[in-house]
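Structure at a glance
Here is how the chains run, residue by residue.
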Amino acid sequence: MWRLRRAAVACEVCHSLVKRSSGVQGTLPLQKLHLVSRSIYHSHHPTLKLQRPQFRTSFHQFSSLTNLPLRKLKLSPIKYGYQPRRNFWPARLAARLLKLRYLILGSAVGGGYTAKKTFDQWKDMIPDLSDYKWIVPDIVWEIDEYIDLGHKLVSEVIGASDLLLLLGSPGETAFRATDHGSESDKHYRKGLLGELILLQQQIQEHEEEARRAAGQYSTSYAQQKRKVTDKEKIDQLQEELLHTQLKYQRILERLEKENKELRKLVLQKDDKGIHHRKLKKSLIDMYSEVLDVLSDYDASYNTQDHLPRVVVVGDQSAGKTSVLEMIAQARIFPRGSGEMMTRSPVKVTLSEGPHHVALFKDSSREFDLTKEEDLAALRHEIELRMRKNVKEGCTVSPETISLNVKGPGLQRMVLVDLPGVINTVTSGMAPDTKETIFSISKAYMQNPNAIILCIQDGSVDAERSIVTDLVSQMDPHGRRTIFVLTKVDLAEKNVASPSRIQQIIEGKLFPMKALGYFAVVTGKGNSSESIEAIREYEEEFFQNSKLLKTSMLKAHQVTTRNLSLAVSDCFWKMVRESVEQQADSFKATRFNLETEWKNNYPRLRELDRNELFEKAKNEILDEVISLSQVTPKHWEEILQQSLWERVSTHVIENIYLPAAQTMNSGTFNTTVDIKLKQWTDKQLPNKAVEVAWETLQEEFSRFMTEPKGKEHDDIFDKLKEAVKEESIKRHKWNDFAEDSLRVIQHNALEDRSISDKQQWDAAIYFMEEALQARLKDTENAIENMVGPDWKKRWLYWKNRTQEQFVHNETKSELEKMLKCNEEHPAYLASDEITTVRKNLESRGVEVDPSLIKDTWHQVYRRHFLKTALNHCNLCRRGFYYYQRHFVDSELECNDVVLFWRIQRMLAITANTLRQQLTNTEVRRLEKNVKEVLEDFAEDSEKKVKLLTGKRVQLAEDLKKVREIQEKLDAFIEALHQEK
């Protein structure tokens, strides 16, 4: 009975509440009673079914937990007893206050859940530690001992508001490169925040009860009792949410710092070589290597590079480089005040590592980005490389500089910083600078998988932008463009209407479309600012910015940190969508190239340019070694013959002929000795060294260019010729060779002794051969001077010129003079020249005295050589008189002794030069050839220039395509493993 009385009292309370409500007549449906009353009255109405109205709140869009299924509320047992009838306005006020608390608490739970998901994403970014299982327990114990992430995270987020304002609601965020799917959500619900989810469901049920209780009061009564207006409530909530965002920002930064320290600890342990297993390359490093190979590949056969990369474009001085430096977390690029600093594309590969370092693709030097001197050296090196790439007469260059930046916490991606777009070519620039920059930018942006990071200066009028129109042409639908507004701090101060900034960020001001819009601050314009100082200034600015407080900008659209996360996600999403298609295209290219090779060169191996160079290098070295196998006899014969050809004119014209003009043998020998001594001291050793060096060159060239029969490959001819010329150019004969050779030659010429008849005959033969050769040359010179004789004129219908006619008449006159005096000296006297000229003038021939002298020189030489040959024949039997020193003999053969001395000197000189060649110079030449080959091996441009042809290019393309395909396959396999 007492239970029935308690139920009746509760019902009376409800009915009294209904009766006292203003403007409501009749009975109140049971569903509209207070929840406590309905639960009690339910025992008296068994057919009644409770219906919960749908939960609605203005904060629904910011919560990520409102879609979770609600659990049935288990009400606490009710103690029945007497309750007096009273007014419920305190309950209505309490319900409203509780509603505000529940809303804030619900947002805090949603923010905590989102923070946990963000932290799980960070944990997924840690490198695969499956290969380091033996050290994982140590790290786990360290984490468990020092950092209790679960309880710490819960304690930090309880009482906060809404994190999704910072990271963006699920419907707004367009930068999800990887979809973790429902499995991670289910796992998470069972994990750390299970209790928070249950608490969220209970909060929703209590909110529903409060809404029903509040709805039972009249509208007029509620308006009279309200103390704050709706506008004030909205302002209060916005202020609370802003403070909550800042609190969550600090929580996330602390978690990010702890995560970075843990990852650095793992990487450092691995970097110190705790184990000896070979480390795998990181995913981004593998991808960067593919791009490096593709940049060197000549895109023939219609194969194009469509692999994704982030292309950073913008107007000059718009802040492109500063944004990239903030993403890389280091001031790595040269900076200038308003002048063009980026003169060629710079490909920057960002990856994680234990230390913050940078290195170039073609260099092993690491620049420590935590040290200012290394940063300055890196900026200087980049500037030098840019100027080196720019050709003479140009301002910018399309050649790419490849730079790798590693550090803890860096987002993995590949960015390409392009020269800033300009509107006007200023003085000092090449006339085609503007067009060149446009062509470079279009070449990178026309890649359908390239992500365009469009940088716009927020401190200048939007109408002055050039790059937006260019980006709109390349990506009209905005499917791969991210817009970044820089210098927002200056824009907020200078722009009269802040809504203009909102229009830019919302994509309503520019005709271009984009995936997302971001606003960043990259410092105060001071080039000496550090990255930490810029980041602090950026965070402080946005915390106090009216743009955020007035909701013109959303929290997830500001700061370079959010930008880098979004760009990285978009980059990897694009990579996963396109990389396999690119791999298939290179497989098709490889098949086409292999088929072409089999059809054109079926019996030849596929040797690329480097392999062909190694083959040619071995052949050249073998040919140099062949020089040492030349016989001594062959060397001496060549050297003696070449040396005599070089000095014969001097011996006959300057030594033998003047000495032969003397009257007796004593004067002859004295003249010969003096002239030989002068010749040996000044000219002979140098001439001998020149002859030896030329002989070595000729023999080396003969071995290099001599065909090898069927094995000869003409593809090496240009290379061999270049190696030969460069080696000869570098080779220098030993300076001490002339001094030692001078002594040897002087001693050889001092010896006049002929020991036997055989040597005498050899000297006679040498002299006769030399004089005959000289006589033949003289006859040819006279024939050219006087023209054809009467036989040739009659047989070949040739005529003499007027000059030849004068020479012929002069020659005839001079021959008459020689017949009158066969012992005439070598020179004409002045009266003799006058006599000859007058005799010719009497016959009507006008001659010049110089012409008479020139003709006399050849006529007298012929006369002298014929006389010398006759004397040489007489001396064949003169060895007996020589032994007696020509005593009591009219025959004097001192000229034979002269030629014996010359012949012996030639033999001794040839022998000495041969020894120096085989013992020293050939080895030095071989060393020079090796050095030249090593230099050529390091000079890619040289090899491309010297090894040419369709066969070489086809093999080179095959090598490149195979390398690209192998690297792409390895990257795709690693990408699938990371998923």
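Residues numbered from 1 in each chain as written. Predicted model: local features only at pLDDT ≥ 70, side-chain atom pairs only at ≥ 80, totals over all residues. Heavy atoms only, no water.

So, the packing of aromatic side chains
According to the stated counting rule, one finds 14 aromatic pairs in the structure shown. Relative to Phe571, the ring of Tyr287 has its centre 5.7 Å away and its plane inclined at 80 degrees; by these criteria the two rings are edge-to-face. Of this pair, Tyr287 sits in helix 11 (residues 283-296) while Phe571 sits in helix 20 (residues 560-600), placing them 284 residues apart in sequence. Looking at Phe571, the relative accessible area reads 0%, which means it is buried. For the pair Trp760 and Phe879, a centre-to-centre distance of 5.9 Å together with 55 degrees between the ring planes defines the contact as tilted. Here Trp760 is found in helix 27 (residues 757-786), whereas its partner Phe879 is found in helix 32 (residues 879-883), with 119 residues between them in sequence. On the accessibility criterion, Trp760 (0% relative accessible area) is buried. Owing to a relative accessible area of 8%, Phe879 belongs among the buried residues under this scheme. Feature note: the residues Trp644, Tyr656, Phe766, Phe864 and Phe899 constitute an aromatic cluster, connected by ring pairs. (Phe/Tyr/Trp six-rings, centres within 6.5 Å; stacked < 30°, edge-to-face > 60°. Helix = DSSP H or I, 4+ residues; strand = E, 2+ residues; numbered from the N terminus. Buried < 20%, exposed > 50% of the residue type's maximum accessible area, 1.4 Å probe, protein only.)

Some thoughts on helix 18 (residues 531-544)
Compared with the 20 Å implied by 1.5 Å per residue over 14 residues, the 20 Å span of helix 18 between its first and last C-alpha is a close match. Ile531, Ile534, Tyr537, Glu538, Phe541 and Phe542 are the residues of helix 18 that are buried. Down the axis of helix 18, the buried set is contained in an arc of 125 degrees. They therefore lie on one face. Exposed side of helix 18, more than 90 degrees from the buried face: Glu536 and Asn544 are the residues found there. On its buried face, helix 18 is in contact with helix 12 (320-328), helix 16 (488-494), strand 9 (516-519), helix 19 (546-549) and helix 20. (Expected span 1.5 Å × (residues − 1). Arc of directions from axis to C-beta. Contact = heavy atoms within 4.5 Å.)

Details of the side chain of Gln745
Secondary-structure assignment places Gln745 in helix 26 (residues 736-750). Its relative accessible area of 0% is what places Gln745 among the buried residues.

A closer look at the state of the cysteines
Under the defined criterion, the tally for this structure stands at 1 disulfide. Covalent S-S linkage joins Cys875 and Cys893, the inter-sulfur distance amounting to 2.1 Å. Judged by the sign of its S-S torsion, about -100 degrees, the bond between Cys875 and Cys893 is left-handed. Of this pair, Cys875 sits in the loop between helix 31 (849-874) and helix 32 while Cys893 sits in the loop between helix 32 and helix 33 (894-938); the two residues are 18 residues apart in sequence, bridging distant segments of the chain. A relative accessible area of 0% places Cys875 in the buried class. Exposure remark for Cys893: the relative accessible area of 0% places this residue in the buried category. (Disulfide = S-S within 2.5 Å.)

A word on the UniProt feature "coiled-coil region" (unreviewed entry) in the protein chain
Taking the UniProt record as the reference, the feature "coiled-coil region" (unreviewed entry) is found at residues 189-272 and 915-942. Secondary structure across residues 915-942 comprises 96% helix and 0% strand; the distance between its end C-alpha atoms is 36 Å. (UniProt positions renumbered as here; feature names shortened; annotations may be inferred.)

A short note on the sheet that holds strand 7 (residues 451-457)
As a general point, the strands of a sheet are linked pairwise by backbone hydrogen bonds and lie either parallel or antiparallel. An order of 4-3-5-2-6-1-7-8-9 is seen for the 9 strands of this open sheet, with the pairing classed as mixed. At either end of the open sheet lies a strand with only one pairing partner, and these are strand 4 (367-368) and strand 9. As judged from the 3 bridges shared by strand 1 (residues 310-314) and strand 6 (residues 413-417), these two strands associate in the parallel manner. In the strand pairing of strand 6, Val312 is matched with Asp417. (Pairing = 2+ DSSP bridges.)

A closer look at the environment of Phe766
As for its placement among the helices and strands, Phe766 is situated in helix 27. A C-alpha to C-alpha distance of 9.6 Å links Phe766 and Ile902, two positions 136 residues apart in sequence. Those residues in contact with Phe766, other than ones at most four positions away along the chain, are Trp644, Phe899, Ile902, Gln903 and Leu906.

Observations concerning a positive patch on the surface
A grouping of Lys718, Lys729, Lys942 and Lys945 is seen on the molecular surface, where their side chains present a positively charged patch. Elements that contribute at least two residues to the positive patch include exactly helix 25 (717-730) and helix 34 (940-946). Along the chain, the position of Lys729 falls in helix 25. A relative accessible area of 66% means that Lys729 is categorised as exposed. (Patch = residues over 30% accessible without salt bridge, like charges linked within 9 Å, V, L, I, M, F, W, Y side chains within 5 Å. Areas by Shrake-Rupley, 256 points an atom, 1.4 Å probe, with all protein chains shown as cover. Salt bridge = Lys/Arg side-chain N within 4 Å of Asp/Glu carboxyl O. Lys, Arg positive; Asp, Glu negative; His and termini not counted. Charge placed at Lys NZ, Arg CZ, Asp CG, Glu CD.)

A look at the nonpolar core
Among the nonpolar cores identified, the biggest contains 99 residues, and Trp644, Tyr656, Trp679, Trp760, Ile902 and Val929 are the most heavily contacted of them. Residue contributions to this core peak at 17 residues, all from helix 33. Once residues within four sequence positions are removed from consideration, Trp679 is found in contact with Val647, His650, Val651, Ile655, Leu684, Pro685, Ile902 and Met905. Core analysis: the second largest hydrophobic core is formed by 67 residues, Leu307, Val323, Ala328 and Met574 among them. (Core = buried A, V, L, I, M, F, W, Y, C linked by side-chain atoms within 4.5 Å.)

Section: a negative patch on the surface
A grouping of Glu399, Glu931, Glu934, Glu938, Asp939 and Glu941 is seen on the molecular surface, where their side chains present a negatively charged patch. Examining the composition of the negative patch, we find that 3 residues originate from one element, helix 33, more than from any other. Structurally, the position occupied by Glu399 is in the loop between helix 13 (372-389) and strand 5 (401-406).

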